[in-house]
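Examination of the molecular architecture
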Amino acid sequence: MSILEALQNNGFATIDYIVIAIYLVLLVSLGWIVSRGKKGKEKSANDYFLAGNTLTWWAVGASLIAANISAEQFIGMSGSAYRSGIAMAAYELQAALTLILVGKFLLPLMLKKKIFTIPQFLSDRYNEGTGLAFSIFWLFLYVFINLTSVSWLGALAIKHILGLPAVPAQFLGMHVDMTMVTIILILFLIAGLYSIYGGLASVAWTDVLQVVFLVGGGLITVFATLHFVAENLGVEGGAFGALGHIYRELSANPDWAPADKHFNLVVTRSPDIYPSITDDPYFDIPGVVVLVGALWLSNIGYWGFNQYIIQKGLAARSLDDAQKGMIFAGALKLLIPFIVCIPGVCAFYIMNAPECESIRASLSGAIARSDDAYPFLIHNFTPVVVKGLAFAALAAAVISSLASMFNSTSTIFTMDIYKKFINKKASQQRLVRVGRITSLCALLIALVAVYPIMGGADQAFQVIQEYSGFVFPGLVIIFGLGLLWKRSSGKAAVVTAIGTFVFSILFKFLLPDVPFLQRMGYVFFCLLALFIPISLSDKNVKEAGKLSPETVKWQLWASRLFFTLAAISTVIGFVTMHYEWGRNLGFEAIFFFAMATAGLGFTARNNASSKKENIKSIGVDVEVFHTSRAFNIGAIAIVTMFILLYVFLW
């Protein structure tokens, strides 16, 4: 079958292609309009890399979500939900809480420093060597992991949804599918058309449009699938009735799915059903680790110290806008599980429940591996027009993430390498030009690298999370304590940066049957035990600056709170580990929480009482953590929704 024949016989109608075309024209047109800026005015580095600090709160929030949600979620997370259930939503739900913490405690300190990039903070706080090392690391990560994985998963989904045939060819000595290569090239070109010329302003303001398609198209896909199930099974209540029916059926633990946990936000270990832990859904998302374990490292590392994410907050027109943007993004994150996880659960039910046998007989294609779930749903269950919207939503997710990565790659290279080490006297226009060239180079390198790097992993989301987890323990300690603890030292940062890889690789080979989220906790233990003593022994110190009485009082109060939480957590951990139910819930994760809170308690007390501080300490004043009433109300609402979801879906 030719590509043209596939496009004519894949279930897409002419109106679907029109919807997709309108979306792409709107996207590129908006990007170009924004990229032009003020007539007759050349872009400065701040204009290009930080949108001239003009982003409103709703632009910050929308851009955060658009940069975050990509094929990794639509395809990868839906695939993991197909296998393991809505417990995968823990990544999204906990992200909502993390955005509150980042907005209140981390972003104010970063904005106070007026930084362009995360590596720039490291250079200022520790030393230029640490900053350069992380600049190079982030460049490799964005080009060879993020750009390749996002484009690969997006192209794979588009190919499956459109039913395009493979076109085998030889490329650089490899057997490649030219259909995939062509789709990836098109995705890169669309994202590059506006982001390379216009910079962060084009990326952020087009993200507002992308979020509308992303959220709207995703919800419509879920609704269409559930409505189809309701009609074919004779379930009353339409889509909501079908969702309730699937929930009741799976919760009843039917013979075809004994001890099923697809609607459990907390997965327990089931050794009777899965003798090998690697076959158990618990292995992917182990018990209470989602609440008190190292999942916090993934979320804080990603949302707090990831350049292409935090750059949106740094570009806000004010701290208040940046913080409100974080709350807006947190509220949207609570919707994402319903967009990307419920489809995976629905696909599992349709493909396995005996009562869906007649439905399966009428479907085209199959789910050969977990990541096929979302494309399978779009292909089979979405009607005309809706199919075009759903496809546009997926494209929006991929393109917006690629655009953000191009911009952040150029920001890091230009500001942290070119300006510092190659041309310190570069003009503003020169920096913008180098930024554009860097984005183009990143596009070309990723295009060549995508095929040899990306393979056919069954659950791409889990693979990406695990290998990102090699970095996050050290990242959170280096950045977090660099911001919050005045004794953090450059020597400790270097040792921790090396140690995060050494311990992660070591534990992966020594503990292959331990879920990676628990291994991350073990790595965190080791790194924190190194970082604090090395920092305290460092001789590069000076007399500590005088703190306000309110700051001292707040630090001591926080210290007592953290030490109390650490003690309570330790007791709970030792008690629960004596019972099988405690072990099956993964309560050993609470020792991570105890270690983390004990570390925070120590650093808070040391900040308040020590008369010495590192020579590059930035100081912490409690005044900077004050937030507006709107932020506080939004934070309370998000926490309340989080608690209610876990109460009803534990």
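Up top you'll find the structure we're talking about.
Residues numbered from 1 in each chain as written. Predicted model: local features only at pLDDT ≥ 70, side-chain atom pairs only at ≥ 80, totals over all residues. Heavy atoms only, no water.

Tracing the sequence through the fold places Trp205 in helix H10 (residues 200-233). By relative accessible area, which is 22% here, Trp205 ends up partly exposed. Between the C-alpha atom of Trp205 and that of Ser63, which follows or precedes it by 142 residues, the distance is 7.5 Å. Apart from the residues lying within four places of it in its own chain, the contact partners of Trp205 are Leu30, Val34, Thr54, Leu55, Thr56, Trp58 and Ala59. (Helix = DSSP H or I, 4+ residues; strand = E, 2+ residues; numbered from the N terminus. Buried < 20%, exposed > 50% of the residue type's maximum accessible area, 1.4 Å probe, protein only. Contact = heavy atoms within 4.5 Å.)

Here we come to the packing of helix H6 (residues 90-113) against helix H15 (residues 319-333). Orientation of H6 relative to H15, taken along the N-to-C sense of each, is 170 degrees, at an axis distance of 8 Å. In this view, H6 runs roughly antiparallel relative to H15, as classed from their interaxial angle. Contacts between H6 and H15 involve Glu92, Ala95, Ala96, Leu99, Ile100, Val102, Gly103, Lys104, Leu107, Pro108 and Leu111 on the former and, on the latter, Leu319, Ala322, Gln323, Met326, Ile327, Ala329, Gly330 and Lys333. When grouped by side-chain class, the residues that make up the contact of H6 with H15 number 13 nonpolar, three polar and three charged. (Axes fitted to C-alpha atoms, helices over the stretch in contact; angles between N-to-C directions. Parallel < 35°, antiparallel > 145°, perpendicular 65-115°, else oblique. Nonpolar A, V, L, I, M, F, W, Y, C, P; charged D, E, K, R; others polar.)

Right, let's talk about the packing of aromatic side chains for a bit. Within this structure, the stated rule accounts for 39 aromatic pairs. Residues Trp57 and Phe328 carry aromatic rings whose centres are separated by 5.5 Å and whose planes lie at 80 degrees to one another, so their mutual orientation is edge-to-face. Remark: Phe328 occurs in helix H15 and Trp57 occurs in helix H4 (residues 57-68); sequence separation between them is 271 residues. By relative accessible area, which is 36% here, Trp57 ends up partly exposed. (Phe/Tyr/Trp six-rings, centres within 6.5 Å; stacked < 30°, edge-to-face > 60°.)

Let us now look at the nonpolar core. Counting 214 residues, the largest nonpolar core has Phe74, Met110, Phe134, Ile285, Ile399 and Leu402 as the members making the most contacts within it. Per-element accounting of this core gives the leading share, 17 residues, to helix H20 (residues 386-422). Other than its neighbours up to four places away in sequence, Ile285 contacts Ala87, Met88, Ala90, Tyr91, Val267, Val290 and Leu517. (Core = buried A, V, L, I, M, F, W, Y, C linked by side-chain atoms within 4.5 Å.)

Given a rise of 1.5 Å per residue, 12 residues ought to cover 16 Å, and the 17 Å separating the end C-alpha atoms of H4 matches this to within 8%. The buried fraction of H4 is high, at 10 of 12 residues. Residues of H4 that are buried: Ala59, Val60, Gly61, Ala62, Ser63, Leu64, Ile65, Ala66, Ala67 and Asn68. (Expected span 1.5 Å × (residues − 1).)

Attention now goes to unusual backbone geometry. Here Ala51, not a glycine, exhibits a phi torsion of approximately 55 degrees, which is positive. Even without a glycine there, the phi angle at Val385 is positive, about 70 degrees. For Val385, the location among the structural elements is in the loop between helix H19 (373-381) and H20. By relative accessible area, Val385 is classed as partly exposed at 34%.

A surface patch of nonpolar side chains, about 470 Å² in accessible area, is lined by Ile15, Ile18, Ile22, Leu26, Val384 and Val385. In this fold, Leu26 is placed in helix H2 (residues 14-36). When its relative accessible area of 43% is taken as the criterion, Leu26 is described as partly exposed. (Patch = residues over 30% accessible without salt bridge, like charges linked within 9 Å, V, L, I, M, F, W, Y side chains within 5 Å. Areas by Shrake-Rupley, 256 points an atom, 1.4 Å probe, with all protein chains shown as cover. Salt bridge = Lys/Arg side-chain N within 4 Å of Asp/Glu carboxyl O.)

On the secondary structure map, Thr411 appears in helix H20. There is a polar contact of 2.7 Å between the side chain of Thr411 and the backbone oxygen of Asn407. Non-local contacts of Thr411, meaning those with residues more than four positions away in its chain, are made with Phe49, Phe116, Thr117, Gln307, Gln311 and Asp416. (Polar contact = N/O pair within 3.5 Å; in protein donor to acceptor, adjacent residues only side chain to side chain.)

Structurally, the position occupied by Phe376 is in helix H19. According to the relative accessible area criterion, Phe376 is buried, its value standing at 5%. When the C-alpha positions of Phe376 and Cys441 are compared, they lie 35 Å apart, and in sequence the two are 65 residues distant. Those residues in contact with Phe376 that sit more than four places away from it in its chain are Met351, Leu363, Ser364, Gly365, Ala366, Ile367 and Phe381.

Bringing H15 into the picture now. Between its first and last C-alpha, H15 extends 21 Å over 15 residues, near the 21 Å set by a 1.5 Å rise per residue. Buried within H15 we find Asp321, Ala322, Gln323, Gly325, Met326, Ile327, Ala329, Gly330, Leu332 and Lys333.

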